[in-house]
Amino acid sequence: MLDKSSIVIPIEVMSEDESELARELQICNACRYCEGFCAVFPAMTRRLDFSKADVNYLANLCHNCGACYHACQYAPPHEFMVNIPQAMARVRLETYTQYAWPKKLGALYQRNGLFVSLTLAFSLLIFSLAAHVQTSNQLTSHLEGNFYAVFPHSVLAIIFGVIFGFVLISLGIGVRRFWKDISTDRATTEAVIEASTNALTLKYLDGGHGEGCNESDDAFTLMRRRFHHFTFYGFMLCFAATSVATMYHYVLKWDAPYPVLSLPVLLGIAGGIGLLIGPAGLLWLNLRRHDQHGDVRQRPMDRVFITLLFLSGFTGLALLIWRDSPAMVNLLAIHLGVISALFISLPYGKFAHGIFRCAALLKSSIERRQASNLNLGSD
C-alpha cells in the first residue's frame, strides 16, 4: 500500500512545480498502471528518483493527451492528488522560460497573450502605413496582383530574413542548452529516425492504444491528433510555397505574380486550407478541454498562437482570391502584419513546445537503446 509520507524527493534546487511533478512521478513509479500509455512512463521506470533535469525532460516528452489522468486511481480527490498532465504542463512552461534566449525575454512566456496582441497591433500598423505610403501615387486597380509593386521583394526578404534568422538562433540556443542538461549521450542514426518518425506522425497522441486522447470527457478521440497534423503540415506547405517562390525569383528569374496552377501557389493553397482546418479544430477542442488536462493559466498563450496560425491561413487565402482587386493592398498589409507577429512571437510562445518535445523524443529514443541498470518495468 502506498504511503504518502514515504515519498522521498531528492534534495536539490527545484522549483515548486518541479518538486510537485517529482513527487507525483514517484507515486506513478510505484503504481505503473499507465506504463503502456506513452513514452513518458517507460522513461520514468528507468529512474528511482527524479532530478531537475529528469522532470524537465519527462515534462517535455509528455503530449498532454489526458489518458493517464482519467486512468489514475490517485487523481483528485484522492489525497495523493496526482494529476500528471497538469503538473507536466506547468513544468513545461518553466522549461521554456528557463532556457529562453536572450534570458530576459523568457519572461514574455508569462505575459504571452499581451505580448502577441501588442506585436500584432504594431505589425499591422507598420505594414498598413508602409503600404499606404508605397501606393499613395499609384492606382491600386493597376497593380495586377503584383505584391512587389507594393513592397519590393528585396525589402520583404530583408525584413523576414532577419526575423526568421533571429527565431532560428533563439530557439536553437534554447534547445541546445536544454539538451546539454538532459542528455550526455550521442544520438545514433536509428534513434534520430525513430524520434523523427514519432514526431512527424504524432505517435503519442494515440493514447497508447491507437484510439486517441481523452478530451472533455473520458471518451477517446483522434481529433486532436488529426487537427495537429492539419496545422503542422499546413504550416510546412506554406513554408514550402515561400521557398519555391524564392527559388523562382532568384534562381529561375521568374517574377511574381505566379499563375494559380503554378507550384508555389498550389502549395500555398493547400497549406492555407490546412491552417484553416487545423487551428479551427484545435481552438474548438481547447475551448472544450477538461480543466484538469493542463494548466489553465496557459490557455491564453495556447489560444493566441492557434488564432495567429488560423489568421495566417485565412489572410493568405483571402489575399490570393482578391489579389487582382483594389483590396489587394490592404489585404497584403494585413497578411504581412499577421505573419510578422507570428514569427516574432515564435521563440516566446506555444511554438516552443514542438522544438523541446522533439529533443525529448530524441532523448527517449536514445534511452530505449540502452540497457536499464534498474531492471524495473518494460522498455
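Everything below is about the structure printed above this text.
Calculation rules
Residues numbered from 1 in each chain as written. Predicted model: local features only at pLDDT ≥ 70, side-chain atom pairs only at ≥ 80, totals over all residues. Heavy atoms only, no water. Patch = residues over 30% accessible without salt bridge, like charges linked within 9 Å, V, L, I, M, F, W, Y side chains within 5 Å. Areas by Shrake-Rupley, 256 points an atom, 1.4 Å probe, with all protein chains shown as cover. Salt bridge = Lys/Arg side-chain N within 4 Å of Asp/Glu carboxyl O. Helix = DSSP H or I, 4+ residues; strand = E, 2+ residues; numbered from the N terminus. Buried < 20%, exposed > 50% of the residue type's maximum accessible area, 1.4 Å probe, protein only. Phe/Tyr/Trp six-rings, centres within 6.5 Å; stacked < 30°, edge-to-face > 60°. Disulfide = S-S within 2.5 Å. Expected span 1.5 Å × (residues − 1). Contact = heavy atoms within 4.5 Å. Axes fitted to C-alpha atoms, helices over the stretch in contact; angles between N-to-C directions. Parallel < 35°, antiparallel > 145°, perpendicular 65-115°, else oblique. Left-handed = near helix turned anticlockwise from the far one by under 90°. Nonpolar A, V, L, I, M, F, W, Y, C, P; charged D, E, K, R; others polar. Core = buried A, V, L, I, M, F, W, Y, C linked by side-chain atoms within 4.5 Å.

As for a nonpolar patch on the surface
- A surface patch of nonpolar side chains, amounting to about 430 Å² of accessible area, comprises Leu200, Phe232, Tyr233, Met236 and Phe239.
- Sorting elements by how many residues they give to the nonpolar patch places helix α9 (residues 223–250) first, with 4 residues.
- Relative to the helices and strands, Leu200 resides in helix α8 (residues 189–201).
- Taking relative accessible area as the criterion, Leu200 reaches 41% and is therefore assigned partly exposed.

Overview of the packing of aromatic side chains
- This model, assessed by the stated rule, comprises 19 aromatic pairs.
- Judged by centre distance (5.6 Å) and plane angle (75 degrees), the rings of Tyr99 and Phe178 are edge-to-face. Taken together, the positions of Tyr99 in helix α5 (residues 84–99) and Phe178 in helix α7 (residues 153–182) put the pair 79 residues apart, joining distant regions of the chain. Each member of the pair, Tyr99 together with Phe178, is buried.
- Here the aromatic residues Tyr96, Tyr99, Tyr109, Phe178, Tyr348 and Phe356 are joined through ring pairs into a cluster of three or more.

Considering the state of the cysteines
- Counted by the stated rule, this structure contains 0 disulfides.
- There is no disulfide at Cys31, and the cysteine sulfur nearest it, in Cys72, is 6.5 Å away.
- Here Cys31 falls in the partly exposed class, since its relative accessible area comes to 30%.
- As a non-bridged cysteine, Cys72 has Cys28 as the owner of its nearest cysteine sulfur, 6.0 Å distant.

Here we look at helix α6 (residues 112–135)
- Over its 24 residues, α6 runs 34 Å from end to end, which matches the ideal 34 Å to within 8%, given 1.5 Å per residue.
- Listing the buried residues of α6 in full gives Asn112, Phe115, Val116, Thr119, Leu120, Ser123, Phe127, Ala131 and Thr135.
- In this structure, the buried residues of α6 make contact with α7, α11 (299–321) and α12 (328–345).

As for α7
- Across its 30 residues, α7 extends 42 Å between first and last C-alpha, which sits within 8% of the 44 Å expected from 1.5 Å per residue.
- Three or more residues of α7 are buried, namely His153, Leu156, Phe160, Ile163, Val167, Ser170, Leu171, Gly174, Val175, Phe178 and Ile182.
- Along its buried surface, α7 packs onto α3 (52–61), α5, α6, α9, α12 and α13 (352–368).

As for the packing of α9 against helix α10 (residues 263–287)
- Contact geometry of α9 with α10 gives a least axis separation of 7 Å together with a crossing angle of 155 degrees. In terms of axis orientation, α9 runs roughly antiparallel to α10. Where α9 crosses over α10, the handedness of that crossing is left-handed.
- Its residues assigned to classes, the contact of α9 with α10 comprises 21 nonpolar, 9 polar and 1 charged.

Comments concerning the nonpolar core
- In this structure, Leu21, Leu25, Phe41, Leu61 and Met88 are the most contacted members of the largest nonpolar core, which totals 85 residues.
- By residue number, the principal contributor to this core is α12, which donates 10 residues.
- For Met88, the contacting residues outside a window of four places in its chain are Leu21, Leu25, Val40, Leu58, Ala59 and Cys62.
- Counting residues in hydrophobic clusters, the runner-up holds 7 residues, among them Ala245, Tyr248, Tyr258 and Val265.

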